[in-house]
Amino acid sequence: MSFDSLHMAASALRSQNVAMNVASRNLTGSSEPGYTRQVATFSDEHSAPAGRFSQNIEGLGTRISGVLRVRSELLDTAYRDAASTHQEIQAPESHLAYLEVRLSADPSLSSLLQDLNISLAQLQGDPGNLGLRQSYFRKLGQATAQLRSYDSAVVENQASTRADLGQRVEQANSLLQRLAELNPRIVAAQRDTTGSNQMLDQRDRFLDELSGLMDVQVLTQPAGNVDVLANGSQLLSLNRAEKLTLEPDNSLKNSAGNLVNVSGGSIASLQQYANQELPDLRQQLNQLASSWISQANEVHRRTYGLDGVTGRDLLTGTDASTINLALQDPRQLGHAVAQVTGTNFATTALISDQPLSSQAAALSVPATNSGVMQINGVSVAWNDGQSLQQVLDSLQVAGVRASYRPTTGKVVLERDPTQAGPSDITVTDSSGNLSVVLGLAGQPSLVGGQGDSNGLAALDQRMRSATFGPGADRTLQQSFRDIQSNVGGSLQTRRQSGQSALTALESAQAARSSISGVSSDEELLAVTRMEQAFAAAAKIATVADEMLTTLMQMGR
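Residues numbered from 1 in each chain as written. Predicted model: local features only at pLDDT ≥ 70, side-chain atom pairs only at ≥ 80, totals over all residues. Heavy atoms only, no water.

**With respect to the pattern of salt bridges**
At step 1: In total, this model carries 22 salt bridges according to the counting rule given.
At step 2: In this structure, the salt-bridge partner of R462 is E298, at a minimum N-O distance of 2.9 Å. Here R462 is found in helix α10 (residues 454-464), whereas its partner E298 is found in helix α7 (residues 265-300), with 164 residues between them in sequence.
At step 3: Salt bridges here are not isolated pairs; linked through shared partners, they connect R69, R71, D76, R80, D201, D204, D208 and R512. (Salt bridge = Lys/Arg side-chain N within 4 Å of Asp/Glu carboxyl O. Helix = DSSP H or I, 4+ residues; strand = E, 2+ residues; numbered from the N terminus.)

Encoded structure:
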């Protein structure tokens, strides 16, 4: 009995000592990232049956049957899903924030365009002023340079995003390789019944990191190793890890050269940002530049500079990376338009809203019943039942502005450079005699002098018009502000979504820590209980020892 008591006490002392060591390890390991709380499991020790037919098995104390990690695979999966979502939202944030700063930094294109419009308005008051022309050129150069700088910012952002993406792919490769090295060691440790908890903690940390990079599926095999897959593509199998390669189009390929599609996590998010969001932004800037170039040139080609030359482009380039001034000499800036001024065609002032037929007596040459007049090759039908104003209004479709000036008694045709057609004005009658009636026949197409600002006014009107943007319903300034708003809105949405995702991640981590984490108070209480059990076992050993000593003395 005393020997059994000593055995029981010894086994209890050993077991409680191991349990206290586990609790102490929990306390020291609580500060280590990814440490999993461990618990010692006990089992009873029994003596062999006393005889062949005996059913009595006496207890001989307790022993440690194992040290288990307290872990929930379900909570691990929930945490990794949350980590994947959080990183997916957050990864492009710094890149997008950089673009927002670049697009909003002073002077922004919006403010430069505003200054440009003001400068153009000032120039209309004195179109021959070289100082005002040089000021307009300088501001136009600043605005186009700013748009080019935005394109450069997007290109830089694409490069930095790819570098970031490349680093994360290398990080994923490193994690997969470490997991491949751990897998066989864990299998061997479990087979040889040696401790593997530290390696399992390390493996879980690697899997946590990997899940932030991409959405992975983790399959635990019966031998204890894990397989890792991404959208069905095998990334890890026992000790073999795929080496992922980042292709020029930002796609991923495995060691065999097969495409690996990943979803979730920072890698998938940066792929989407680099391949869709940035190209879309650059396309918006290119569309803005292209529209600015084409519409400014469309008007400017039909205007005349101080040197009397027409047909010039104001801007050169095709997109945001190449837009620039096409002119170097401010005197070449078109300011005037072609005009045809008719002779006095009436003996007295006409009433512009009365039919021509009712005012035939006042006309130097009475109008025929009807006819067709061509303005710059465009046919305009008329009849003498129309009023003078109706006839003049019908000429607008031919790319001119027509007006009757009662003070001089003349009809004036002025080229509208916002409309298609040649820069000058030609007038011919296909039938009827309207050009003769209005005193336009044989009159030359002349260019206004230095004081003529009609070309500048037309350019100003076009640059302020709502003819820009994807729907051709926004001004040039509004189109750029739309781009700014899109970038700022995307960033704000990411930040708000990122905060929600962070809250979900913290919640998942808290749930996991409630199972796997270490509570210092609980561990200290456990140590206290074990110390008491250890003391009790020591007391048993002392009593048994005293009993044996007494028995031995009695036997003498």
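**Examining the environment of S269**
At step 1: Tracing the chain through its elements places S269 in helix α7.
At step 2: Each C-alpha atom, one on S269 and one on L213, is 9.2 Å from the other, the two residues being 56 residues apart in sequence.
At step 3: Here S269 is in contact with E88, P92 and R494, once residues within four sequence places are set aside. (Contact = heavy atoms within 4.5 Å.)

**Some details on the pairing of strand β14 (residues 378-383)**
At step 1: Two strands pair when backbone bridges link them, and strand β13 (residues 370-375) and β14 are joined in this way by six bridges, in the antiparallel orientation. From the neighbouring strand, Q374 faces β14, where its bridge partner is S379.
At step 2: Adjacent in sequence and paired antiparallel, β13 and β14 are bridged by two residues, among which N376 carries a positive phi angle near 55°. (Pairing = 2+ DSSP bridges.)

**Brief notes about the packing of helix α6 (residues 197-213) against α7**
At step 1: Look at α6 against α7: their axes get within 3 Å of each other, and the N-to-C directions meet at 15°. By the criterion of interaxial angle, the relationship of α6 to α7 is roughly parallel. Along the contact surface, α6 presents S211, G212 and L213, while α7 presents G265, S266, I267 and A268.
At step 2: Residues of the contact of α6 with α7, tallied by class, amount to three nonpolar, four polar and no charged. (Axes fitted to C-alpha atoms, helices over the stretch in contact; angles between N-to-C directions. Parallel < 35°, antiparallel > 145°, perpendicular 65-115°, else oblique. Nonpolar A, V, L, I, M, F, W, Y, C, P; charged D, E, K, R; others polar.)

**Focus on the packing of aromatic side chains**
At step 1: Counted under the stated rule, the structure contains two aromatic pairs.
At step 2: Between Y150 and F480, the aromatic rings sit 5.3 Å apart at their centres with planes inclined by 5°, giving stacked as the arrangement. Residue Y150 is located in helix α5 (residues 130-191), and its partner F480 is located in helix α11 (residues 476-516); the two are separated by 330 residues in the primary sequence.
At step 3: Of the residues examined, Y150 reaches a relative accessible area of 1% and is grouped as buried.
At step 4: Residue classification places F480 among the buried positions, given a relative accessible area of 0%.
At step 5: Ring centres of F345 and Y404 lie 5.7 Å apart, and the angle between their planes is 65°; this geometry places the pair in the edge-to-face category. Highlighted residues: F345 in the loop between β12 (338-341) and β13 and Y404 in strand β15 (residues 400-405), separated in sequence by 59 residues. Pair check on accessibility: F345 and Y404 agree, each one buried.
At step 6: Note that R512 overlies the ring of Y79, its terminal NZ or CZ placed 4.0 Å from the centroid. (Phe/Tyr/Trp six-rings, centres within 6.5 Å; stacked < 30°, edge-to-face > 60°. Buried < 20%, exposed > 50% of the residue type's maximum accessible area, 1.4 Å probe, protein only. Lys NZ or Arg CZ within 6 Å of the ring centre and 35° of its normal.)

**Details of the side chain of E242**
At step 1: When you line up the elements, E242 lands in the loop between β6 (240-241) and β7 (245-246).
At step 2: Residue classification places E242 among the buried positions, given a relative accessible area of 10%.
At step 3: A distance of 2.7 Å separates polar atoms of two side chains, one belonging to E242 and the other to R240.
At step 4: Residues in contact with E242, not counting those within four places in the same chain, are N173, L176, Q234, L235, N254 and S255. (Polar contact = N/O pair within 3.5 Å; in protein donor to acceptor, adjacent residues only side chain to side chain.)

On their own, these measurements won't tell you what the molecule is for.
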